[in-house]
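So you can see what is in the structure, the chains are spelled out below.
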Amino acid sequence: MSDVPQDLTWIRAAPPEATGPGPWFEVAFGEGDDPEAPVHIRVTDAPDNIVTTNRRKWDAFVLGVRAGEFDHFVEGVDLT
């Protein structure tokens, strides 16, 4: 039995002009805004498979993405 609330508001990480089913990543923030508040992550083609972390780790990840710390993962990937 999952402890993920059923009434979450999922935010899709897709360009505004994107059409179709994706798959896209989606993020939902749980109750609270303290560093230990839950953050839930899923992919649209497997919505029942949810990973949960906390706000502190999510913020560190987002800051790392913005700083380019993960750019090496997409080297050589055709983004067109």
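The paragraphs below set out a description of the structure included in this document. (Residues numbered from 1 in each chain as written. Predicted model: local features only at pLDDT ≥ 70, side-chain atom pairs only at ≥ 80, totals over all residues. Heavy atoms only, no water.)

**Some points on the pattern of salt bridges**
Logical step 1: Inspection of every chain in the model, using the stated rule, returns four salt bridges.
Logical step 2: Residue E36 is joined to R56 by a salt bridge in which the shortest nitrogen-to-oxygen separation is 3.3 Å. With a gap of 20 residues between them, E36 in the loop between β2 (25-29) and β3 (38-43) and R56 in helix α1 (residues 55-66) connect regions that are remote in the sequence.
Logical step 3: Judged by its relative accessible area of 45%, R56 is partly exposed. (Salt bridge = Lys/Arg side-chain N within 4 Å of Asp/Glu carboxyl O. Helix = DSSP H or I, 4+ residues; strand = E, 2+ residues; numbered from the N terminus. Buried < 20%, exposed > 50% of the residue type's maximum accessible area, 1.4 Å probe, protein only.)

**Some details on a nonpolar patch on the surface**
Logical step 1: Taken together, the side chains of F61, V65, F70, F73, V74, V77 and L79 present a nonpolar region at the surface, about 680 Å² in accessible area.
Logical step 2: By secondary structure assignment, the location of V74 is in the segment after α1. (Patch = residues over 30% accessible without salt bridge, like charges linked within 9 Å, V, L, I, M, F, W, Y side chains within 5 Å. Areas by Shrake-Rupley, 256 points an atom, 1.4 Å probe, with all protein chains shown as cover.)

**A closer look at the side chain of N54**
Logical step 1: On the secondary structure map, N54 appears in strand β4 (residues 46-54).
Logical step 2: Within polar-contact distance, the side chain of N54 engages the backbone nitrogen of R56 at 3.2 Å.
Logical step 3: Within polar-contact distance, the side chain of N54 engages the backbone nitrogen of K57 at 2.9 Å.
Logical step 4: Discounting residues that sit within four places of it in the chain, N54 has contacts with P35, E36, A37, P38 and V39. (Polar contact = N/O pair within 3.5 Å; in protein donor to acceptor, adjacent residues only side chain to side chain. Contact = heavy atoms within 4.5 Å.)

**Focus on the sheet that holds β4**
Logical step 1: Spatial strand order, β1-β2-β3-β4: four strands in an open sheet with antiparallel pairing. The sheet is open, and its two edges are formed by β1 (11-13) and β4, each paired on a single side. Adjacent strand axes in the sheet meet at a mean angle of 30°, parallel and antiparallel pairs treated alike.
Logical step 2: The sheet contact formed by β3 and β4 spans five bridges and is antiparallel. (Pairing = 2+ DSSP bridges. Axes fitted to C-alpha atoms, helices over the stretch in contact; angles between N-to-C directions.)

**As for the layout of surface pockets**
Logical step 1: By volume, the largest pocket is sized at about 190 Å³.
Logical step 2: In terms of lining residues, the largest pocket is bounded by 10 residues, among which V4, Q6, P47, D48 and I50 are the most central.
Logical step 3: Ranked by residues supplied to the lining of the largest pocket, first place goes to β4 with three residues.
Logical step 4: Residues that form the lining of the largest pocket fall into these classes: six nonpolar, two polar and two charged. (1 Å grid on protein atoms, 1.4 Å probe; cavity = no way out; pocket = protein on both sides within 12 Å on 5 of 7 lines; lining within 4 Å. Points joined across faces, edges and corners; volume = space filled by probe spheres on them. Nonpolar A, V, L, I, M, F, W, Y, C, P; charged D, E, K, R; others polar.)

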